[in-house]
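Residue-level structural notes
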Amino acid sequence: MIICIKLVIILLIIYSLFFLVRAIKCINKVKKEKSKRENKDSVKCNKNIIIAIPCLREQKCIEDTIKYFTEIAKDIPIIIVTTQKEVKENIKNDILTQYIIKNKILPKYKNVYLIDYPFTEGYMADQLNYMIEEIKNKIDLEHTYLALYNADSRPSERTFNEIKEKISEGHKVIQQYSYCLKNYKELNNILKGFSIYQSNFEMKTGLINSILNSKLLYTHVVGHGLIINMKTLNELGNFNTKFWCEDIYLGLQLKFNNIKITPLLTLENMETPSSLENLIKQNSVWFKTTSQFSKIYKDIIKNYKVTNKLNGLIGCFNEFRCALNWIGFPIILLLSIIGALILKNYLIVLLIIASYLWYICINTKMTIKLINILDEQDYKTSLKIIFFTAIATIISNIGPIYSIISNKKVKHKTER
């Protein structure tokens, strides 16, 4: 047992150093890219962009969101996609999102449109696919990009200038990654720890791996902040509706077809769920799709044309590794500490705790530094936040465990 525990300690130290080196390499590359952009003349984009914002019970935030997007996106058209599911589920007779859009948003903005999904079943992917069917004969798919955001999204005000640059360079799939500190001050300490934990995942597996163009490591797209050429999306069958997380499915399709994910150097600041219950349910939804990697692999092979099965297999292996690490890392860590305590080897107990805190410290410090550079913020790293991030990380598998135990058949919507 001691040998296994020592191995855990060694792996924690090695992985921390591995991440540190990659983060520093990424930061240096980001600084060079940002410097080039500052000295670059404004780029004219000869492609069209459409912003799509799917909504379900977004009465509290949709007005502020549209106001924000019209300010930063200027003349780019915005399509709000509502659903009759909201009407069906409106038991308390609340004011509907559709009502707010029709009466308070559409009369105010000339470049904002409403498409209502006319069915009472289905999820966000169904809403988006319906929207695409409604507009595809009115636009040139090859020369149009879809920018997908949530009803509470707050991308950087520099976002659409950079999107136009990336589109003009010929990239088909562009991703704006997020960090989760938008409502940081309103969260309790454990949820603050989770906000850093989730931000680290976005920076580490999303942004860093994409910027460093990692062929073998995990990379992913996210539904909010996804900018994709509509012809490319159409060739991939639009958004998948068989699995809960259409972005995970799309990410694997991109792997199968050697389509590169190009990251933006601007970020989106998004909210962390304001209750532990909501966070657990949100994580359980993500884990359920991630854990279905083999089903996704078979579904893509069966139903779609693919250009590189090996690359797709690597992508599926990374989904498996992600799921295994998510649910297994906290368990292995706790078992190692408990095992050392049972054996009364207190030096090993101290070493494993120290190596774990070293791991958390490196992850937190580099994540905050990267966010500060990319989004021009001034977030601070403190011992308090490192401590609560360590707590959050060691219980980070409660969402996956809940997913396995509950085996829910209906997708949970994160309430705002």
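Residues numbered from 1 in each chain as written. Predicted model: local features only at pLDDT ≥ 70, side-chain atom pairs only at ≥ 80, totals over all residues. Heavy atoms only, no water.

Another aspect to go through is the overall build of the chain. The helix and strand tally for the chain stands at 15 helices and nine strands. Computed over its C-alpha atoms, the radius of gyration of the chain comes to 22 Å, within 12% of the 22 Å expected for a compact globule of 416 residues. Its C-alpha atoms put the chain at 70 × 55 × 45 Å along the principal axes. Counting only residues that meet the buried cut, the chain has 54% of its 416 residues in that class. (Helix = DSSP H or I, 4+ residues; strand = E, 2+ residues; numbered from the N terminus. Rg over C-alpha atoms; globule rule 2.2 N^0.38 Å. Buried < 20%, exposed > 50% of the residue type's maximum accessible area, 1.4 Å probe, protein only.)

Attention shifts here to the packing of helix H12 (residues 309-342) against helix H13 (residues 346-375). For the pair H12 and H13, the least separation of the axes is 7 Å and the interaxial angle reads 155 degrees. Between H12 and H13, the angle is such that the two are roughly antiparallel. Pair H12 / H13 crosses with left-handed handedness. For the pair H12 and H13, contact is made by Phe329, Leu333, Ser336, Ile337, Ala340 and Leu341 and by Tyr346, Ile348, Val349, Ile352, Ile353, Tyr356 and Tyr359, respectively. (Axes fitted to C-alpha atoms, helices over the stretch in contact; angles between N-to-C directions. Parallel < 35°, antiparallel > 145°, perpendicular 65-115°, else oblique. Left-handed = near helix turned anticlockwise from the far one by under 90°. Contact = heavy atoms within 4.5 Å.)

Now for the pairing of strand S1 (residues 48-54). S1 sits mainly inside the fold: six of its seven residues count as buried. As judged from the five bridges shared by S1 and strand S4 (residues 144-148), these two strands associate in the parallel manner. Bridged to isoleucine 51 within S4 is alanine 147. Both S1 and strand S2 (residues 78-83) contribute to a ladder of four bridges, which runs parallel. Looking across to S2, one finds that isoleucine 53 is bridged to isoleucine 80. As a crossover connection, the stretch from S1 through helix H2 (residues 62-73) into S2 is right-handed. (Pairing = 2+ DSSP bridges. Right-handed = clockwise from strand over helix to strand, strands pointing away.)

The next subject is the nonpolar core. Most often, soluble globular proteins have nonpolar side chains that are buried together. Met131, Leu146, Phe239, Leu250 and Leu370 are the most contacted members of the largest nonpolar core, which has 50 residues in total. Residue contributions to this core peak at seven residues, all from H13. With near-sequence residues (within four places) excluded, phenylalanine 239 lies in contact with Ala125, Leu128, Asn129, Ile132, Leu146, Leu148, Leu226, Leu233, Glu246 and Leu250. Counting 28 residues, the second largest nonpolar core, distinct from the first, contains Ile66, Tyr109, Ala151 and Ile174. (Core = buried A, V, L, I, M, F, W, Y, C linked by side-chain atoms within 4.5 Å.)

Moving on, we get to helix H4 (residues 97-105). Residues Thr97, Gln98, Ile100, Ile101 and Ile105 constitute the buried set of H4. Along H4, the residues classed as buried sweep out an arc of 165 degrees about the axis, all on the same side. Looking at the buried positions of H4, the neighbouring elements they touch are H2, S2, helix H3 (84-88) and strand S3 (112-117). (Arc of directions from axis to C-beta.)

Before going further, it helps to spend a moment on the pattern of salt bridges. For the structure shown, the criterion picks out nine salt bridges. We note a salt bridge from glutamate 277 to lysine 281, for which the minimum N-O separation is 3.0 Å. Of this pair, glutamate 277 and lysine 281 both sit in helix H10 (residues 276-290), separated by four residues, roughly a single helical turn. With a relative accessible area of 24%, lysine 281 lands in the partly exposed category. (Salt bridge = Lys/Arg side-chain N within 4 Å of Asp/Glu carboxyl O.)

At their nearest, the axes of helix H9 (residues 246-256) and helix H11 (residues 293-303) sit 10 Å apart, and the two run at 55 degrees to each other. If you check the angle between H9 and H11, you find them oblique. Taken as a pair, H9 and H11 cross one another with a handedness that is right-handed. Residues Ile248, Tyr249, Leu252, Gln253 and Phe256 of H9 pack against Ile296, Tyr297, Asp299, Ile300 and Ile301 of H11. Classifying every residue of the contact of H9 with H11 gives eight nonpolar, one polar and one charged. (Nonpolar A, V, L, I, M, F, W, Y, C, P; charged D, E, K, R; others polar.)

Pairing is mixed across the open sheet formed by seven strands, whose spatial order is S3-S2-S1-S4-S7-S5-S8. Single-partner strands in this sheet number two, and they are S3 and strand S8 (261-263). Across the sheet, the axes of successive neighbouring strands diverge by a mean angle of 25 degrees, strand direction being ignored. Relative to the sheet, H2 contacts S1, S2 and S3, its axis offset from that of S1 by approximately 170 degrees.

Nothing here speaks to function; it is geometry throughout.
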